[in-house]
Amino acid sequence: MKNKEILEKLTLEEKVGLCSGKDFWHMKGVERLGIPEIMLTDGPHGLRKKNPEGKNGGLSDSVPSTCFPTAATTACSWDPDLLEEMGEALGEECLQEKVSVILGPGVNMKRSPLCGRNFEYFSEDPLLAGEMAAGLIKGVQSKNVGTSVKHFAVNSQEAKRMTIDSVVDERTLREIYLTAFEIAVKKGQPWTVMNAYNKVNGTYCSENAHLQKEILRDEWGFKGIVVTDWGAANDRVLGLKNGNELEMPCSGGYNDEKLCKAVRDGSLDESVLDESVDSLLSLIKKSEDALTENYQYDIEAHNALAAKICAQSVVLLKNEDQILPIDTTKKIAVIGEMARAPRYQGAGSSIINPHKLTDAFEGLAACGVKASFAPGYDKKKDVVSEVMIADACTVAKQADIALVFIGLTEEYESEGYDRSHLNLPVSHNKLVEEIAKVNPNTVVVLSGGSPVVMPWLGSVKAVLNGYLGGQAGGTALAQIICGQVNPCGKLAETYPLSLSDVPCSDIYPGRGLTAEHREGLYIGYRYYDSAKKEVLFPFGYGLSYTEFEYSDIKLSSDSILDSDTLVLSYKIKNIGSTDGAEISQVYVSDRQSTVYRPAKELRAFKKVFLKAGEEKTVEIELSKRAFAYYNVNINDWHVESGEFDILVGASSRDIRLSATVTVESTAKDAVVPDYRQSAPCYYTAEVKAVPDSAFEAVLGHAIPDSELDPSQKLTIANSLGDAKHTKWGGRINGLIDKIMNMAFKPDDPNGGMMKAMALEIPIRNFITMSSGVFSEKMANGLLMILNGDHPGKGLGKILGGIGGALKKLPALLKSI
């Protein structure tokens, strides 16, 4: 049947039911009309499907699947085609498991290196993030399996992620926080877009018409559906009106009742509901062929692909005296527990149960390396052990080369909470420091999903950054260390010298109710390069076992209209003796402008493989967007006429070639915003302490209040954390803290996430995320207690609902 025929046969309740989940992981079907249920599961670097036969529960109780490198890792490959291969493999695994939509990729910007979920995101640059995401989407969807680009939008922190209001000016929103989504949508046409928990400029993303309708659909031409992040629905009726078709998971009928009531009383036009249902039916139909196939993927082939992707993504940060690749005939010491107990993925909803796992020690052995070993530290606790370090030093002294494996352990970064510093574990830093004293040929191999500071950098010969390499990361690292693979990865984010150098460090992750993005456009290299700030390692940086020479830059014209396409060409030659790949980057710099602009911005990139001595010509097209900024006066992309430098480099700080083009604007009547008087700090990139007046000038309105008004009654949109100032709220907060400390060991990364969720989740989610186990009546009782309005009666409402809750609980636990 066509969608129109189905709509005519559906009851109001059935239509409304299709707009929310059946349970945690399934969309509802309508059996009498032959509409099947379909499954959505977590990604994005592997398939995390709940194990139907699992007994333990929890995030790790999932069916075995391939754990590919995380987005923070794969972004360093700068290779969308490689991500397309990865997407194809993910799609195949979804087919085997009858999964219709995998929840990823994540394209949020790395505003701060402290964000606990940065390992799941690609870059600080929207172009790179968007292109990588588009590659992954194309790959997955080529298998007739859907993707869900997330989290839309301005979700760059875990702290208070469910309630925080991201306050950001429209230009920064467009140029930094939406561009990656725009590229992913226009190039990949994902089946779904997942909105974020947070508010943007005062409105929850799940009901934000500006984001979901005006931009996503009307401007970008998105054809799929918008799904909430799990529990992100606030006002479900408003959300449906403003473009959010699907609520996940099942709310136990809580929001279904609100939608039915709204249609019946006329506050929601049924035609709006029909439009949403039509889109949902189209999604279900896309999935039908895949659901009927008996597909089986090749586990070994996917493992080999995981190793290939990691090897293309590892970044060589330092290689003094060309100590790498190692001479495998020499005595090698492998130091550090992470060599045998690797950190290979993040923590939280993306955690994968891998089919197999190869550590670096095993990988080195497979490459023919016979190495001695000492753990050097206990990975599960950050305590310096003098005995373990002494044993490690004894082993290192007897070797020609010491490979020291260190990094961020599981409890250092996770979904649900942010880091508070950029330091590695103290025991890891101390180990490197002592090993370097006894062995002059010390090589550090790093693991982790985010930048760190390296106090020992000057004392070691080499640093190899493996990020989070997935299940075959040990194989890939060994192949690079032994010279079987030439490293070609380049950083997709800047490594600052210290946390205080990060532009938003003094205001991240926000105050009270808001996260003010006062630094505006100046995140990552856009800030460091504009402010001429020294960094540990710049954006786009990475070494190779060979060297490349750039030459012969040419432009198709030295003067164009902004409606023209500029063709850029240049040559790259491998002047070393080893075959390798080079990632060249094209930046554009506006020589003089009325509106403030960063010193340079990435506008294109190209990865080319070159045999030793080989030379190739790279050709790149630059269109209007390469020269444009978002003009808030005309609500469109605009080029200010003038001269632009085209910069070709090996990193943002290593520019090898340059040329200049004059671009003439075709929008001659457009007024260019001029903030030189009202917000001069943005012209000099002095954004560490932006005055209120300057921020308000670019915002275009007053800065919203950032503090909770204690005189106002708490509502279901508030969290338990919001209630800590009240008598009973303070006691409940203290009790939760004690319970979490008893329930989770200090080294368990899930502890921090669960504690954050308990204190920061809105009370409305107690109802919706429990499928009605915690009823609306019980939620009202809790609010009576927190607000001091007849706490006894409030407790009575909660106790009165326990009987019904116990009846519903088994079904909830089964579905999670």
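A quick note: this is a predicted structure, and the numbers were derived from the prediction, not measured.

A.B. asks: In this structure, what is going on with the overall build of the protein chain? I would like to understand it.
C.D. replies: Regarding its fold elements, the protein chain presents 24 helices and 28 strands. Here the C-alpha radius of gyration of the protein chain, 27 Å, is about what a compact globule of 816 residues would show, namely 28 Å. Counting only C-alpha atoms and orienting by the principal axes, one finds that the protein chain spans roughly 75 × 70 × 55 Å. Per-residue burial for the protein chain yields a buried fraction of 61% across its 816 residues. Partitioning the contacts of the protein chain with sequence separation of at least 6, the portion at a separation of at least 24 is 76%. A total accessible area of about 30200 Å² is found for the protein chain, and carbon and sulfur atoms account for 50% of it. The averaged location of the 109 negative side-chain charges in the protein chain is 4 Å from the averaged location of its 89 positive side-chain charges.

A.B. asks: Help me understand the nonpolar core in this model?
C.D. replies: Generally speaking, soluble globular proteins have nonpolar side chains that are buried together. Counting 161 residues, the largest nonpolar core has L403, M454, W456 and Y682 as the members making the most contacts within it. Here this core takes eight residues from helix α5 (residues 126-141), the largest share from any one element. Those residues in contact with W456, other than ones at most four positions away along the chain, are I406, L424, N429, V432, V444 and V463. By size, the runner-up hydrophobic cluster in this structure holds 64 residues, among which are V263, L281, A758 and I763.

A.B. asks: Explanation requested: the packing of aromatic side chains in the structure shown.
C.D. replies: Aromatic rings considered in pairs are described by the distance between their centres and by the relative angle of their planes. Counted according to the given criterion, the structure contains 19 aromatic pairs. An aromatic cluster is present here, built from W78, Y525, F539, Y587 and F605 joined pairwise through their rings. Above the ring of F373, the side-chain terminus of R340 is found at 4.5 Å from the ring centroid. Its end group placed over the ring of W728, R731 keeps NZ or CZ at 4.7 Å from the ring centre.

A.B. asks: Please explain the sheet that holds strand β22 (residues 580-590) as it appears in this structure.
C.D. replies: The sheet built from five strands is open, its strands ordered β20-β28-β27-β22-β23 with mixed pairing. Both outer strands of the open sheet, β20 (559-561) and β23 (601-610), are each paired with one neighbouring strand and no more. The average angle at which neighbouring strand axes cross in this sheet is 30 degrees, direction not considered. Pairing geometry for β22 and strand β27 (residues 642-651), over six bridges, is antiparallel. Residue pairing in the sheet places Q585 in a bridge with G649 of β27.

A.B. asks: So what exactly am I meant to see when it comes to the pattern of salt bridges here?
C.D. replies: Pairing between side chains of opposite charge can happen when the charged atoms of each approach one another. As enumerated under the stated definition, the model contains 57 salt bridges in all. Its salt-bridge partner being E300, residue K356 comes within 3.1 Å of it at the nearest N-O pair. With K356 in the loop between β11 (332-335) and α13 (360-366) and E300 in helix α12 (residues 299-311), this pair connects stretches of sequence that are 56 residues apart.

A.B. asks: How should unusual backbone geometry be read in this particular structure?
C.D. replies: For residues other than glycine, phi is negative in most cases, and the peptide bonds are mostly trans. The peptide bond linking K150 to H151 adopts the cis configuration, its omega dihedral lying at -10 degrees. On the secondary structure map, H151 appears in strand β4 (residues 146-152). Notably, Y467 is not glycine yet its phi reads approximately 50 degrees, a positive angle. Judged by relative accessible area, which is 1%, Y467 ranks as buried. Residues other than glycine seldom take positive phi values, yet A685 does so here, at roughly 60 degrees. Inspection of the secondary structure assignment puts A685 in the loop between β28 (654-664) and α18 (692-699).

A.B. asks: Could you clarify how one ought to interpret the sheet that holds strand β21 (residues 566-574) in this entry?
C.D. replies: Think of a sheet as strands paired side by side through backbone hydrogen bonds, with each pair either parallel or antiparallel. Strand order in the open sheet made by the three strands is β19-β21-β24, with antiparallel pairing throughout. The open sheet has two edge strands with one neighbour each: β19 (548-555) and β24 (615-622). When strand polarity is set aside, the average angle formed by the axes of neighbouring strands in this sheet is 20 degrees. Here eight bridges tie β21 to β24, and the two strands are oriented antiparallel to one another. In the strand pairing of β24, V567 is matched with E621.

A.B. asks: Hey, could you run me through the pairing of β27 in this one?
C.D. replies: In summary, the side chains of a regular strand alternate between the two faces of the sheet. The buried fraction of β27 is high, at nine of ten residues. Of the strand pairs in this sheet, β27 and β28 are connected by nine bridges, and their pairing is antiparallel. Across the sheet, residue E643 finds its bridge partner in β28, namely T662. Counted along the chain from β27 to the antiparallel partner β28, the turn is two residues long.

A.B. asks: Any chance you could explain a nonpolar patch on the surface here in plain terms?
C.D. replies: Residues L795, L799, I802, L806, L809, L813 and I816 make up a contiguous nonpolar surface patch of about 610 Å² in total accessible area. Breaking the nonpolar patch down by element, the ones donating at least two residues are α23 (791-800) and α24 (802-815). With four residues, the single largest contributor to the nonpolar patch is α24. Inspection of the secondary structure assignment puts L809 in helix α24.

A.B. asks: What is the right way to look at the side chain of D590 in this model?
C.D. replies: Structurally, D590 can be placed in strand β22. With a relative accessible area of 12%, D590 lands in the buried category. Beyond its immediate chain neighbours, meaning those up to four positions away, D590 contacts R597, E643 and F644.

A.B. asks: What exactly am I supposed to notice about the pairing of β21 here?
C.D. replies: Two elements, β19 and β21, share six bridges in a ladder whose sense is antiparallel. Across the sheet, residue L555 finds its bridge partner in β21, namely L568.

A.B. asks: What exactly am I supposed to notice about the packing of helix α4 (residues 80-96) against α5 here?
C.D. replies: Geometrically, a packed helix pair is captured by the angle between its two axes and the distance between the axes. Two elements in contact, α4 and α5, have axes whose closest approach is 6 Å; the angle formed by their N-to-C orientations is 35 degrees. α4 and α5 meet at a crossing whose hand is right-handed. From α4, P80, L83, E84, M86, G87, E88, L90 and G91 reach across to α5, where they touch E131, M132, G135, L136, K138, G139 and V140.

A.B. asks: Any chance you could explain the environment of E547 here in plain terms?
C.D. replies: Checked against the element boundaries, E547 lands in the loop between β18 (535-537) and β19. In this structure, the C-alpha to C-alpha distance between E547 and V453, residues 94 residues apart in sequence, is 27 Å. If we skip the residues at most four places from it in the chain, E547 touches K573, N574, I575 and G576.

A.B. asks: Sorry if this is basic, but what is going on with the state of the cysteines here?
C.D. replies: Such a bond, covalent and formed between the sulfur atoms of two cysteines, is termed a disulfide. A full pass over the atoms with the stated rule returns zero disulfides. Distance from the sulfur of C94, which forms no disulfide, to the nearest cysteine sulfur (C67) is 14 Å. With no disulfide of its own, C367 lies closest to C482 among cysteine sulfurs, the gap being 4.3 Å. Classification of C367 by relative accessible area gives buried; the value is 17%.

A.B. asks: Quick question: what am I supposed to make of helix α11 (residues 270-292) here?
C.D. replies: Three or four residues apart is the spacing at which side chains of an α-helix point the same way, because the helix has 3.6 residues per turn. Between the first and last C-alpha of α11 there are 33 Å, a value that for 23 residues agrees with the 33 Å anticipated at 1.5 Å per step. Of all the bends in α11, the greatest measures close to 25 degrees and is centred on K286.

A.B. asks: Mind showing me how you'd approach α18 here?
C.D. replies: Three or more residues of α18 are buried, namely A694, F695, V698 and L699. Here the buried residues of α18 occupy an arc of 135 degrees about the axis, which is enough to place them on one side. Those residues of α18 that are buried are in contact with β5 (165-167) and β17 (514-516). One or two positions beyond α18, positive phi appears at G700, with a value near 85 degrees.

Parameters and conventions
Residues numbered from 1 in each chain as written. Predicted model: local features only at pLDDT ≥ 70, side-chain atom pairs only at ≥ 80, totals over all residues. Heavy atoms only, no water. Helix = DSSP H or I, 4+ residues; strand = E, 2+ residues; numbered from the N terminus. Rg over C-alpha atoms; globule rule 2.2 N^0.38 Å. Buried < 20%, exposed > 50% of the residue type's maximum accessible area, 1.4 Å probe, protein only. Contact = heavy atoms within 4.5 Å. Areas by Shrake-Rupley, 256 points an atom, 1.4 Å probe, with all protein chains shown as cover. Lys, Arg positive; Asp, Glu negative; His and termini not counted. Charge placed at Lys NZ, Arg CZ, Asp CG, Glu CD. Core = buried A, V, L, I, M, F, W, Y, C linked by side-chain atoms within 4.5 Å. Phe/Tyr/Trp six-rings, centres within 6.5 Å; stacked < 30°, edge-to-face > 60°. Lys NZ or Arg CZ within 6 Å of the ring centre and 35° of its normal. Pairing = 2+ DSSP bridges. Axes fitted to C-alpha atoms, helices over the stretch in contact; angles between N-to-C directions. Salt bridge = Lys/Arg side-chain N within 4 Å of Asp/Glu carboxyl O. Patch = residues over 30% accessible without salt bridge, like charges linked within 9 Å, V, L, I, M, F, W, Y side chains within 5 Å. Left-handed = near helix turned anticlockwise from the far one by under 90°. Disulfide = S-S within 2.5 Å. Expected span 1.5 Å × (residues − 1). Bend = angle between axes of the 7 residues up to and from the residue. Arc of directions from axis to C-beta.

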